[in-house]
Number of protein chains: 2
Amino acid sequence: MDFEKIMAQLRPPLKQRLVVAAAEDDMVLKAVAAAQQRELVDPILCGDPVAIEKLARQWAVDISHMEVVPAASRAEAARTAVSLVRRGHGEILMKGILPTAEFLRAVLDKENGLRGPGILSHVGVLHSPMLDRTLLLTDAAMVPYPDLKTKAELIRNAVHVARGLGIHTPKVAALAAVEVVNPDMQATIDAAALTIMNRRGQIKDCIVDGPLALDLAVSAEAVQHKGIRSEVAGRADIFLFHNIEAANSTLKGFVFGGGCLFGGLLVGARAPVVVASRSDSDHAKLYSIACAAALTETTSAIREIHVEPVDASPRRQEGVQSAVN
Amino acid sequence: MDFEKIMAQLRPPLKQRLVVAAAEDDMVLKAVAAAQQRELVDPILCGDPVAIEKLARQWAVDISHMEVVPAASRAEAARTAVSLVRRGHGEILMKGILPTAEFLRAVLDKENGLRGPGILSHVGVLHSPMLDRTLLLTDAAMVPYPDLKTKAELIRNAVHVARGLGIHTPKVAALAAVEVVNPDMQATIDAAALTIMNRRGQIKDCIVDGPLALDLAVSAEAVQHKGIRSEVAGRADIFLFHNIEAANSTLKGFVFGGGCLFGGLLVGARAPVVVASRSDSDHAKLYSIACAAALTETTSAIREIHVEPVDASPRRQEGVQSAVN
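Residues numbered from 1 in each chain as written. Chains lettered and ligands numbered in written order. Predicted model: local features only at pLDDT ≥ 70, side-chain atom pairs only at ≥ 80, totals over all residues. Heavy atoms only, no water.

A. Structural context of the overall build of chain A. A count of helices and strands for chain A gives 12 helices and 11 strands. The globule rule puts the C-alpha radius of gyration for 325 residues at 20 Å, and the 19 Å found for chain A is close to it. Principal-axis analysis of the C-alpha atoms places the extent of chain A at approximately 60 × 45 × 30 Å. Split into buried and exposed, the 325 residues of chain A put 63% on the buried side. When the accessible surface of chain A is split by element, carbon and sulfur atoms take 50% of a total near 12500 Å². Of the side chains in chain A, 35 bear a positive and 37 a negative charge, and the two mean positions are spaced by 2 Å. (Helix = DSSP H or I, 4+ residues; strand = E, 2+ residues; numbered from the N terminus. Rg over C-alpha atoms; globule rule 2.2 N^0.38 Å. Buried < 20%, exposed > 50% of the residue type's maximum accessible area, 1.4 Å probe, protein only. Areas by Shrake-Rupley, 256 points an atom, 1.4 Å probe, with all protein chains shown as cover. Lys, Arg positive; Asp, Glu negative; His and termini not counted. Charge placed at Lys NZ, Arg CZ, Asp CG, Glu CD.)

B. Local environment of the relation of the copies chain B and chain A. Aligned on chain A, chain B shows an RMSD of 0.0 Å; the corresponding rotation is 180° and the shift along the axis is 0.0 Å. Taken together, the rotation and translation describe the operation of a two-fold axis. (Least-squares fit on C-alpha atoms with pLDDT ≥ 70 in both.)

C. How the structure looks around the pattern of salt bridges. All names here are of chain B. By the definition in use, this model includes 18 salt bridges over all chains. A salt bridge links Glu 24 to Arg 74; its shortest N-O distance comes to 3.7 Å. You can see Glu 24 sitting in the loop between strand E1 (16-21) and helix H2 (26-37) and its partner Arg 74 sitting in helix H4 (residues 74-86), a full 50 residues away along the chain. Looking at Glu 24, the relative accessible area reads 12%, which means it is buried. (Salt bridge = Lys/Arg side-chain N within 4 Å of Asp/Glu carboxyl O.)

D. Seen up close, the interface of chain B and chain A. Tallying the contact residues gives 46 residues for chain B and 46 residues for chain A. Summing both sides of the interface, chain B and chain A together bury roughly 3400 Å²; the carbon and sulfur share of this comes to 61%. In this assembly, chain B and chain A are joined by 2 salt bridges. As a salt-bridge pair, Asp 215 of chain B and Lys 252 of chain A come within 3.4 Å of each other at their nearest N and O atoms. Linking chain B to chain A there are 4 residue pairs in polar contact (both at pLDDT 80 or more). Secondary-structure elements contributing two or more residues to the side of chain B that touches chain A are helix H8 (214-218), helix H9 (220-226) and helix H10 (244-258) of chain B. When residues in the side of chain B that touches chain A are grouped by element, the largest group, 13 residues, is from H10 of chain B. Residue classes in the side of chain B that touches chain A are distributed as 22 nonpolar, 17 polar and 7 charged. (Contact = heavy atoms within 4.5 Å. Buried area = accessible area lost by both parts, 1.4 Å probe. Polar contact = N/O pair within 3.5 Å; in protein donor to acceptor, adjacent residues only side chain to side chain. Nonpolar A, V, L, I, M, F, W, Y, C, P; charged D, E, K, R; others polar.)

E. Fine view of the pairing of strand E10 (residues 261-267) of chain A. Residues and elements named next belong to chain A. Most of E10 sits inside the fold, with 7 of its 7 residues counted as buried. On E10, burial covers both faces: Leu 261, Gly 263, Leu 265 and Val 267 on one face and Phe 262, Gly 264 and Leu 266 on the other are all buried. Relative to E10, strand E5 (residues 121-128) is paired through 7 bridges, and the arrangement is antiparallel. Residue pairing across strands places Gly 124 opposite Gly 264, the latter belonging to E10. Relative to strand E11 (residues 273-274), E10 is paired through 2 bridges, and the arrangement is antiparallel. Bridge pairing links Leu 265 to Val 274 in E11. Where E10 hands over to E11, the hairpin turn is made up of 5 residues, of which Gly 268 adopts a positive phi near 110°. (Pairing = 2+ DSSP bridges.)

F. Focus on the sheet that holds strand E2 (residues 41-47) of chain B. Residue and element names in this part refer to chain B. The 11 strands lie next to each other as E3-E2-E1-E4-E11-E10-E5-E6-E9-E7-E8, forming an open sheet whose pairing is mixed. At either margin of the open sheet sits one strand with a lone partner, and together these are strand E3 (67-70) and strand E8 (207-212). Bridging between E2 and E3 involves 4 bridges; their strand directions are parallel. In the strand pairing of E3, Gly 47 is matched with Pro 70. In the packing of H4 onto the sheet, the strands contacted are E1, E2, E3 and strand E4 (92-95), and the crossing angle to E1 comes to about 160°. On top of the sheet, helix H7 (residues 186-199) reaches strand E7 (171-175), E8 and strand E9 (238-240); it is set at about 160° to E8, its chief contact. (Axes fitted to C-alpha atoms, helices over the stretch in contact; angles between N-to-C directions.)

G. Region of interest: the sheet that holds strand E1 (residues 16-21) of chain A. All names here are of chain A. If you trace the 11 strands from one edge of the open sheet to the other, you get E3-E2-E1-E4-E11-E10-E5-E6-E9-E7-E8, paired in mixed fashion. The open sheet has two edge strands with one neighbour each: strand E3 (67-70) and strand E8 (207-212). Bridging between E1 and strand E4 (residues 92-95) involves 4 bridges; their strand directions are parallel. Looking at E4, one finds that Val 20 is bridged to Met 94. This element, helix H4 (residues 74-86), spans E1, strand E2 (41-47), E3 and E4 of the sheet and lies at about 160° to E1. Each of strand E7 (171-175), E8 and strand E9 (238-240) is contacted by helix H7 (residues 186-199), which is oriented at about 160° to E8, the strand it contacts most.

H. Here's a closer look at the environment of Asn 198 of chain A. Residues and elements named next belong to chain A. Tracing the backbone shows Asn 198 in helix H7. For the pair Asn 198 and Asp 209, spaced 11 residues apart in sequence, the C-alpha to C-alpha distance is 8.5 Å. Setting aside its immediate chain neighbours within four residues, Asn 198 contacts Ile 203, Cys 206, Ile 207 and Val 208. From its side chain, Asn 198 meets the backbone oxygen of Cys 206 in a polar contact 3.0 Å long.

I. Representation of the packing of H4 of chain A against helix H5 (residues 100-108) of chain A. Residues and elements named next belong to chain A. Orientation of H4 relative to H5, taken along the N-to-C sense of each, is 35°, at an axis distance of 9 Å. H5 is crossed by H4, and the crossing has right-handed handedness. Facing Arg 74, Ala 75, Ala 78, Arg 79 and Val 82 of H4, the residues of H5 in contact are Glu 102, Phe 103, Ala 106 and Val 107. Its residues assigned to classes, the contact of H4 with H5 shows 6 nonpolar, no polar and 3 charged. (Left-handed = near helix turned anticlockwise from the far one by under 90°.)

This is the structure we're talking about:
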């Protein structure tokens with residue numbers, strides 16, 4: 001896989017400001033320094049200034065061109081970072097070294113958080129060397145068991161990412177284990193409903209088809225063998241999964257068994273959120289930041305047009321914060 | 001991937017008899033002829049003798065050394081094939097060209113079928129070029145939503161396959177989206193219970209650990225990053241999934257995004273059952289037959305020792321036959 005070629009396609013027209021919550025971590029500092037060196041972002045580091053300085057020296061990370069905003073604790077660093085983005089002092093938020101639940105509490109805070117009108121969801125961006133294209137998978141980390149209404153929102157959030165990455169009318173595969181509607185398999189019923197919601201204009205800016213099994217979503221040959229007629233089959237950009245077990249295992253299968261480059265984003269908030277894991281490769285961390293930077297210019301425009309508020313969902317979201325891994 | 005090397009490792013010590021139900025299909029005839037040519041099996045073809053002869057001539061498939069057992073209909077072909085295996089005239093059953101539900105009706109028939117003491121389940125055998133090893137995935141096709149008791153049986157069936165393939169004490173990852181027990185995620189609770197069932201000797205001949213996410217199941221690096229201590233993590237042979245959506249998508253992701261060689265088997269009956277799909281590659285069909293042939297010598301011995309009858313499961317199975325794709 002040509003990492004540099006992929007990164008070149010993601011170069012944002014304007015350098016974005018990346019605000020890091022709890023930046024006192026060597027791997028986080030290295031990642032944001034690499035992103036700054038590539039002129040993708042200007043990092044703003046919230047956290048313990050002494051610890052940040054010490055780590056930067058220890059690991060020879062150049063932070064001389066980064067702003068450091070002191071915070072007395074990690075929870076405060078999260079609140080400060082969120083507040084900076086909220087007040088327009090940054091375009092991208094990034095989780096540093098603090099528990100995901102604590103980080104999300106600041107992001108989802110009703111008064112001072114970054115909630116958009118819809119739900120916050122996880123989109124995994126994969127670049128597959130074997131398929132030679134970009135795939136968006138949702139939701140492997142944030143919304144574990146979406147119902148039909150929530151699935152429609154997951155699609156909207158993923159479409160937003162697809163457009164940021166230059167896929168203007170993405171093809172969405174509503175995945176199941178089979179390609180027929182089976183009354184005993186909720187995934188297939190939801191997939192059929194989402195397909196019609198798309199036909200009726202309830203889900204816009206994309207083409208949805210389902211139920212499709214994953215072979216039919218990606219392989220033109222499998223489509224031909226099974227005689228399926230679909231605008232999506234064989235060339236899906238977005239994979240919508242029925243549950244977190246399916247999304248998480250498939251995403252990790254693509255990364256660890258398929259050598260895919262992986263970027264992870266939370267979307268649906270007022271700014272894209274980078275949530276790189278310590279176990280992500282250096283390339284993966286850079287790719288996550290680059291994907292987020294590609295989104296920021298399109299964020300406000302798209303969200304204003306199409307996402308209708310769904311009151312129930314953000315409230316439902318309180319209970320699922322611990323699903324992020 | 002060196003297909004020939006993989007096949008060489010699977011050579012059975014004795015040539016097995018493969019009984020095909022409804023063999024009047026060009027792709028089935030080609031697959032069994034290729035398997036015969038490699039001396040893996042001696043095919044016995046149940047079905048319409050006129051149609052079989054005609055197709056063999058048309059596609060230049062040499063069936064001169066295959067026995068043909070006439071059947072008046074496809075349903076009768078299924079019953080005849082099952083009966084031959086039941087009476088000891090064949091060691092492997094293979095589905096030809098008939099609906100899966102009809103085929104399974106004959107296999108699962110209480111009076112004349114091939115039921116073993118446990119349930120019938122699907123094991124996907126993958127050879128990953130990137131990981132350079134064999135992985136067994138269950139259940140992507142037969143048992144859609146296993147409960148804890150059924151998961152224990154799925155493990156037993158997969159362990160049986162692993163042993164046939166030469167993995168004597170397979171490592172089993174009980175998969176979930178996270179590696180901690182989350183009371184809101186049944187997959188994680190079941191995984192913990194299965195781990196302890198294994199420690200207490202309720203699931204034998206393997207090492208079970210879970211909950212594990214797929215990265216921790218396959219990647220030693222991810223294990224190190226997360227600081228997990230486990231005999232299974234990083235080197236799992238068997239992946240037990242929480243539901244069919246997860247198993248099916250992950251399996252297909254490995255095949256279509258990871259270039260894995262794939263073989264599909266139904267196990268738990270008195271003989272292994274090959275259920276190749278039309279969309280499987282020629283290599284995949286041969287690999288499925290070779291895996292089944294590798295199992296037959298170990299079938300009776302292992303099943304007699306360890307699988308305890310669970311009355312409820314075969315009855316529950318009536319309802320899920322349509323899940324096979």
